[in-house]
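Commentary on secondary and tertiary structure
Listed below are the residues making up each chain.
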Amino acid sequence: MTYQQPVLDDLDRRILAALVANARTSFTEIGHAVGLSAPAVKRRVDRMRETEVITGFTTVVRPAALGWRTEAYVEVFCDGAAPPRRLAEVARTYPEVVAAVTVTGGADALLHIRAADIDHFEEVLERIRAEPFVTRTNSFIALTHLLPNSPEAGSPATPPEETAGR
């Protein structure tokens, strides 16, 4: 069975924008903003959860508040073609890896790493390099978040309708 992309109308998109801006907004508040009753908003949210348009609700925490003051991106080059499931398995073993993707180009994967400091980052990097299928890495230390209000910078996402006019 193939995945069917859910069809979203303007009201769905406005509800999503409200939830992205503040996932704790009540259905009543959202309903007032979009012109629906609270039960109608709930039905739409339930449908979007069932069709996996909404995959969860979360809390965004500024990484520095948790002691993660160093951030880096690491290209990982593998011996042969390491399968994505193996790369994912390795990435999951490191709590410092906050995101991992396979990529096109020369590298096989790109890891987003957060660490307490440079020494901690270097320790994590050495452990990754010690994986039997990793042939080399290329690291980039993040200096400044150019989009400081992004979730990657530890801020809530900007709702799509706020970014549409930019």
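Quick caveat, the model's predicted, so the values are computed rather than measured.

Looking now at a nonpolar patch on the surface. Together, Ile118, Ile141 and Leu143 make up a nonpolar patch on the protein surface, roughly 320 Å² of accessible area in all. Residue position: leucine 143 is located in the loop between strand S4 (134-141) and helix H6 (160-163).

Okay, the pattern of salt bridges next. Summed over all chains, the structure comprises 11 salt bridges. For lysine 42, the salt bridge goes to aspartate 46, with nearest N and O atoms at 2.5 Å. Here the residue lysine 42 and the residue aspartate 46 both occupy positions in helix H3 (residues 38-50), the gap between them amounting to four residues, near one helical turn. Looking at lysine 42, the relative accessible area reads 39%, which means it is partly exposed. You can call aspartate 46 partly exposed: its relative accessible area is 26%. Residues joined by salt bridges that share partners form a network here, namely Asp9, Asp12, Arg44 and Arg47.

Cut-off values and rules
Residues numbered from 1 in each chain as written. Predicted model: local features only at pLDDT ≥ 70, side-chain atom pairs only at ≥ 80, totals over all residues. Heavy atoms only, no water. Patch = residues over 30% accessible without salt bridge, like charges linked within 9 Å, V, L, I, M, F, W, Y side chains within 5 Å. Areas by Shrake-Rupley, 256 points an atom, 1.4 Å probe, with all protein chains shown as cover. Salt bridge = Lys/Arg side-chain N within 4 Å of Asp/Glu carboxyl O. Helix = DSSP H or I, 4+ residues; strand = E, 2+ residues; numbered from the N terminus. Buried < 20%, exposed > 50% of the residue type's maximum accessible area, 1.4 Å probe, protein only.

Functional significance is not addressed by these values, which are geometric in nature.
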